[in-house]
Amino acid sequence: MIKKTNQSDRRVLSFPAVHPCEAISPATLLNSLITLANGVCSNNSKFFATQRRNAREAIRQIGILLIFFEEIRDRGLNLSDLVVLCFSELHLTFQKVQFLMEDCTREGAKLWVLMKSQFIATQFRVLIRAIATALDVFPLDTVDICGEVKELVDLVAKQARKAKFELDKEDERAMKRVLSILNYFEKGIEPDSGFMTWVLDYLEIKSWSDCNSEIKFLEELVALECSDSEEREVPFLSSLVGFMSYCRVVIFETLDYRSSDQIDVRCNMETLSCLNPEDFRCPISLELMTDPVTVSTGQTYDRSSIQKWLKAGNMLCPKTGEKLTNTELLPNTTLKKLIHQFCADNGISLAKSGRKSRDITRTIIPGSPAAAEAMKLMSRFLARRLFFGTNEEKNKAAYEIRLLAKSNIFNRSCIVESGAIPPLLNLLSSPDQCVQENAVAALLKLSKHTSGKKVIVESGGLKVILKVLKSGLSLEARQIAAATLFYLTSVKGYRKLIGETPKAIPALVKLIEEGTDCGKKNAVVAIFGLLLSQGNHQKVLDAGTVPLLADILASSNRTELITDSLAVLANLAEDIQGTSTILKTSALPVIIGLLQTLTSRAGKEYCVSILLSLCSNAREEVTASLAKDPSLMNSLYSLTTDGTSQARKKARSLIKILHKFIETCSSGVEGSAVPHERPLHVW
């Protein structure tokens, strides 16, 4: 039997059909052919926004052949080699027809299928001609079935040879209208709304959510084009995204997002991190990983690099030297998400290195002139709505900005320049929970832009954002406010300003105590950003941050949250007051344990950094405790070979301190109960 291809895994307008194997039995082939024909015919009940006539004719012809196949099956006829060969060719063609039908009815693909109408009509013609060719050589006279069925098959063969399967005139008209609309956008002219509504009606894009589905589909195509370094279609796809986005913003007044759309936004809280970008590099290629996968030893590599390693016949883990028990590569989706977030926030491309500079530019500039002008028109429209709209219109505008500003740096710059930030800040005081959440989330996206940070602070936004952080109408709003503060702390002057604002740091500490894992993480990394200003250290300690972070280390199973908590503690441990506060908690044995169990390279570095600071500041009290743990040295030695450059340096320093302490004790210092450790020379 032929393995069914998952539609979501197949690129649109690609037809990865599989030829039946030569060893397949005639009965199995026939049953599979009947299943395929039934699948094609089932598309008769689906809605075709375009290609209606071509699809209907293809379904009709295959439906007649289905009767023929079922007749042969029901009679239990023996099939000759030539019949089997013809059925194999029909099987291959039917797979492709089914793929084509799926694409014509695929959710969110209506506009793209319309703009590919000529190509699709040609595909219908080619595939039906392939059916005609198979039927031309089919030995119909040798098959013992009733004359009526034979006549039908003969009729299909003749019709398949002559059928035109041309571009539908109405499809062509709609396609030309879309091209005209894109031309208006490119010139910076706002298209007539009636003109755009006609296209939407023709494609039966009837609601905000329908429009949003089209945008998501087109954006996925853009991402695919870029990941394959095939950017030929990107400008046109970007123009279509601009057109659909404009329709969603301007034409559809009512938000009717499906539950999945809302979940996408609510659950897609900012993946903030203090992680070292070195963790994102493949140990083999030393480049940022585009598709991180984990091997049987638990180590993570970029898929392409480890595949080359395995293909060369290597069955040892490149990093640990352990033998791989299998060649299975498990996708590391969490790390992939972190890498993509890091790259999006920093304008870094994950494309092939040969095209890197061009791709970095692509994240900053629009995909096409039409997309650029459409975005500018949308930004001005949304700013007007935020100033003068009803409460419902303001809420929708904030939500639209929340979506648009997520896309790329250019969108953010357009929205900032349109003057949308001051009215968004005003919405933070709204008594409506939904409005407040959308407004603060929109500001979060805009705070990633350099100009956005400046406008937020200069417009007095810090005060209202902190108010949301402290007493927002929902926990989600508070958590998003914390993430916004994190981005503001990337500006040196704003760290001091936030730190000097009364109750700012206590509000973050309160969120660590009360928030979800995501909220805790946002608050922790915001505090990390504030600690980059030395004047905030004592305020963070006074707010009771350390005991809460110690609790996270002891109880959380979230590696990212633990790593970020360690980053904050490593910073605080650098001075004596921070060391003293950490030692008053039960964090020390937990940190030692994490050094041995954490898989994150950055997490291990933060652990050894904390231990080194504690030894340096608390001297013998901590050093004696560490020296009593025989397993610690193994972890430190391991770090000297496979840790980050900073981790290796710190591990060597800590080993020297411990060796010196052990040697001193071994020389006869009274009261020492430290086990004898053979000192090794560390470079």
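Conventions adopted
Residues numbered from 1 in each chain as written. Predicted model: local features only at pLDDT ≥ 70, side-chain atom pairs only at ≥ 80, totals over all residues. Heavy atoms only, no water. UniProt positions renumbered as here; feature names shortened; annotations may be inferred. Phe/Tyr/Trp six-rings, centres within 6.5 Å; stacked < 30°, edge-to-face > 60°. Helix = DSSP H or I, 4+ residues; strand = E, 2+ residues; numbered from the N terminus. Salt bridge = Lys/Arg side-chain N within 4 Å of Asp/Glu carboxyl O. Buried < 20%, exposed > 50% of the residue type's maximum accessible area, 1.4 Å probe, protein only. Expected span 1.5 Å × (residues − 1). Core = buried A, V, L, I, M, F, W, Y, C linked by side-chain atoms within 4.5 Å. Contact = heavy atoms within 4.5 Å. Polar contact = N/O pair within 3.5 Å; in protein donor to acceptor, adjacent residues only side chain to side chain. Axes fitted to C-alpha atoms, helices over the stretch in contact; angles between N-to-C directions. Left-handed = near helix turned anticlockwise from the far one by under 90°. Nonpolar A, V, L, I, M, F, W, Y, C, P; charged D, E, K, R; others polar. Pairing = 2+ DSSP bridges.

Per an unreviewed UniProt entry, the recorded name for the protein chain is RING-type E3 ubiquitin transferase, and the organism is Citrus clementina. For the protein chain, the Pathway (unreviewed entry) comment in UniProt is given as "Protein modification; protein ubiquitination." Its UniProt record gives the protein chain a comment under Catalytic activity (unreviewed entry), which states: "S-ubiquitinyl-[E2 ubiquitin-conjugating enzyme]-L-cysteine + [acceptor protein]-L-lysine = [E2 ubiquitin-conjugating enzyme]-L-cysteine + N(6)-ubiquitinyl-[acceptor protein]-L-lysine."

One pass over the structure, following the stated rule, counts twelve aromatic pairs. Centre to centre, the rings of Trp112 and Phe236 are 6.3 Å apart; their planes meet at 45°, and the pair counts as tilted. In this pair, Trp112 sits in helix α4 (residues 110-115) while Phe236 sits in helix α10 (residues 234-251), placing the two residues 124 residues apart along the sequence. Ring centres of Phe124 and Phe165 lie 6.3 Å apart, and the angle between their planes is 15°; this geometry places the pair in the stacked category. Residue Phe124 is located in helix α5 (residues 117-136), and its partner Phe165 is located in the loop between α6 (147-162) and α7 (169-186); the two are separated by 41 residues in the primary sequence.

Before going further, it helps to spend a moment on the pattern of salt bridges. Summed over all chains, the structure comprises 26 salt bridges. In this structure, Arg161 engages Asp136 in a salt bridge whose closest nitrogen and oxygen atoms are separated by 2.4 Å. A residue pair is termed long-range when its members are at least 10 positions apart, and Arg161 in helix α6 and Asp136 in helix α5 qualify at 25 residues. Arg248 is paired through a salt bridge with Glu400; the nearest N and O atoms lie 2.9 Å apart. Residue Arg248 is located in helix α10, and its partner Glu400 is located in helix α16 (residues 391-404); the two are separated by 152 residues in the primary sequence. On the accessibility criterion, Arg248 (3% relative accessible area) is buried. The class for Glu400 is buried, based on a relative accessible area of 0%. One connected set of salt bridges, linked through shared partners, spans Arg10, Glu102, Asp103 and Arg106.

Turning to α10, a few remarks are in order. An ideal rise of 1.5 Å per residue puts 26 Å on 18 residues; α10 measures up with 25 Å between its terminal C-alpha atoms. Counting buried positions along α10 yields 15 of 18 residues, so the element is predominantly enclosed.

Nonpolar side chains in soluble globular proteins tend to be buried together. Core analysis: the biggest nonpolar cluster contains 212 residues, and Phe87 and Phe243 have the highest contact counts within it. For this core, the element with the most residues is helix α3 (residues 81-104), which contributes eleven residues. Those residues in contact with Phe243, other than ones at most four positions away along the chain, are Leu111, Val178, Ile181, Leu182, Phe185, Met196 and Val199.

The next subject is the side chain of Ser117. Structurally, Ser117 can be placed in helix α5. Taking the relative accessible area as the measure of exposure, Ser117 reaches 0% and is therefore buried. Reaching out from Ser117, the side chain makes a polar contact with the backbone oxygen of Leu114 at a distance of 2.5 Å.

Quick look at the packing of helix α21 (residues 461-471) against helix α24 (residues 504-514) now. One way to put it is that α21 packs onto α24 with a least axis distance of 9 Å and a crossing angle of 35°. For the element pair α21 and α24, the recorded crossing hand is left-handed. Within the contact between the two elements, α21 uses Leu466, Leu469 and Lys470 and α24 uses Ala504, Ala507, Leu508 and Leu511. The class makeup of the residues in the contact of α21 with α24 is six nonpolar, no polar and one charged.

Our focus in this paragraph is the sheet that holds strand β1 (residues 292-294). With antiparallel pairing, the three strands of this open sheet are ordered in space as β2-β1-β3. Both outer strands of the open sheet, β2 (300-302) and β3 (330-331), are each paired with one neighbouring strand and no more. In the sheet, β1 pairs with β2 via three bridges, with the strands oriented antiparallel. By the bridge assignment, Val293 is partnered in β2 with Tyr301. Sheet strands touched by helix α12 (residues 303-311): β1, β2 and β3. Its angle to β2, the strand with the most contacts, is close to 95°.

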